[in-house]
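Here is what each chain is made of, one letter per residue.
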Amino acid sequence: MKTLLISDIHANLTALEAVIAAAGSFDATWCLGDLVGYGPDPNQCVERVASLPNLLCVMGNHDAATLRRIEIDAFNPEARTALVWTQQQLSEANAAFLRERPEVINVDQITLVHGSPRQPVWEYLLDTRTATANFEFFDTLYCFVGHTHLPVIYHLPDDQRLAHLIVPENTTQVTLAPRSIINPGSVGQPRDRDPRAAYALLDMDDYTCEWHRVSYDFASVQERMRQAGLPERHILRLAAGW
Ligand code: ZN
């Protein structure tokens, strides 16, 4: 069974469609949150994600802020501008879809969260020490996260005290080893200086996970963002992946 792993779409429909096309056929979809925020296509992205096969999808911090579940003041001024715009755009049906997303999903030996198992919506796993501390906060063999917009695997073998960090690149294939925390990277706003959309394909029959990058027409997304009056900084970063 092939599962498409996506995260941090951030209302970028062009990147999302490029990922879906590049992924080919897949049986299930796990989405790690932040469907909206930053980008120009919040409604289309929620509807497209909702249409994907056998979807499991958790709530991200931008999703929660769009729903007014967390204070918009917790974000920087430009992210706030984008969130207010997103609140104005989002249809009631799409808001209802986001409202139904749980913060944590557990299935078999898998945990899905947006940020971290310790603080599912907010915490960033940006270093091995923070990641290592988080292994105490989930019981399954594998935990999938998003939020940092950086593809990564943190692997903590039973006999070790500090997790190893692996940074997967395009077409890196890894057989997952227990226990690991895995981030597929961001579809709609990559931050590792590679502007291509990131995703991963997971085969749970043999626990292989393959990371991918796909180019998309970010200029057309930038154009829609300009028309919508979204912050220039968010427009510029798409071209460079930061
Ligand atoms: Zn995000």
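Visitor: Which residues make up the sheet that holds strand β3 (residues 55–57), and what values do they have?
Guide: Overall, mixed pairing links the six strands, which are arranged β3-β2-β1-β11-β12-β9 in an open sheet. Two strands close off the open sheet at either side, each with one partner strand: β3 and β9 (173–175). Taken pair by pair, the neighbouring strands of this sheet meet at an average axis angle of 20°, ignoring direction. As judged from the three bridges shared by β9 and strand β12 (residues 208–214), these two strands associate in the antiparallel manner. Across the sheet, residue V174 finds its bridge partner in β12, namely C209.

Visitor: Outline the packing of helix α7 (residues 218–228) against helix α8 (residues 232–240), listing residues and values.
Guide: Contact geometry of α7 with α8 gives a least axis separation of 9 Å together with a crossing angle of 175°. By the angle between their directions, the pair α7 and α8 is classed as roughly antiparallel. Facing α7, whose interface residues are F218, V221, Q222, M225 and R226, α8 presents E232, H234, I235, L236, L238 and A239. A per-class count over the contact of α7 with α8 returns seven nonpolar, two polar and two charged.

Visitor: Tell me about the coordination of the zinc ion, residues and numbers included.
Guide: Each protein donor to the zinc ion is listed here as D8 (OD), H10 (NE2), D34 (OD) and H149 (NE2); together their distances run 2.1 to 2.5 Å. Geometry at the zinc ion is irregular, judged from its four donor atoms and the angles of 87 to 177° they form at the metal. Mapped onto the polypeptide sequence, the residues donating to the zinc ion form the spacing pattern D-x1-H-x23-D-x114-H. Residue D8 shares its accessibility class with H10, and that shared class is buried.

Visitor: An account of the nonpolar core is requested, with residue identities and associated values reported.
Guide: Grouped together as the largest cluster of nonpolar side chains are 39 residues, with contacts concentrated most on I6, I9 and L35. Those elements that provide at least two residues to this core are β1 (2–6), α1 (13–23), α2 (42–50), α4 (77–89), α5 (92–99), β11 (197–203), α7 and α8. With six residues, α1 is the single largest residue contributor to this core. Core analysis: the next-biggest nonpolar cluster, separate from the first, contains 17 residues, L32, I105, I110 and V174 among them.

Visitor: Provide a residue-level description of empty space enclosed by the protein, including the pertinent values.
Guide: As enumerated under the stated definition, the model contains one cavity of 30 Å³ or more in all. Space inside the largest cavity adds up to approximately 50 Å³. Lining of the largest cavity is provided by H10, N12, Y38, G39, P40, G188, Q189, V221, M225, H234 and L238. At the level of secondary structure, the elements contributing two or more residues to the lining of the largest cavity comprise α7 and α8. Within the lining of the largest cavity, the residues separate by chemical class into five nonpolar, six polar and no charged.

Parameters and conventions
Residues numbered from 1 in each chain as written. Predicted model: local features only at pLDDT ≥ 70, side-chain atom pairs only at ≥ 80, totals over all residues. Heavy atoms only, no water. Pairing = 2+ DSSP bridges. Helix = DSSP H or I, 4+ residues; strand = E, 2+ residues; numbered from the N terminus. Axes fitted to C-alpha atoms, helices over the stretch in contact; angles between N-to-C directions. Parallel < 35°, antiparallel > 145°, perpendicular 65-115°, else oblique. Contact = heavy atoms within 4.5 Å. Nonpolar A, V, L, I, M, F, W, Y, C, P; charged D, E, K, R; others polar. Donors = N, O, S within 2.8 Å, 3.2 Å for Na, K, Ca; no water. Tetrahedral: all angles 85-135°; square planar, octahedral: opposite > 155°, others 65-115°. Buried < 20%, exposed > 50% of the residue type's maximum accessible area, 1.4 Å probe, protein only. Core = buried A, V, L, I, M, F, W, Y, C linked by side-chain atoms within 4.5 Å. 1 Å grid on protein atoms, 1.4 Å probe; cavity = no way out; pocket = protein on both sides within 12 Å on 5 of 7 lines; lining within 4 Å. Points joined across faces, edges and corners; volume = space filled by probe spheres on them.

Everything listed is a geometric property; what it means functionally is a separate question.
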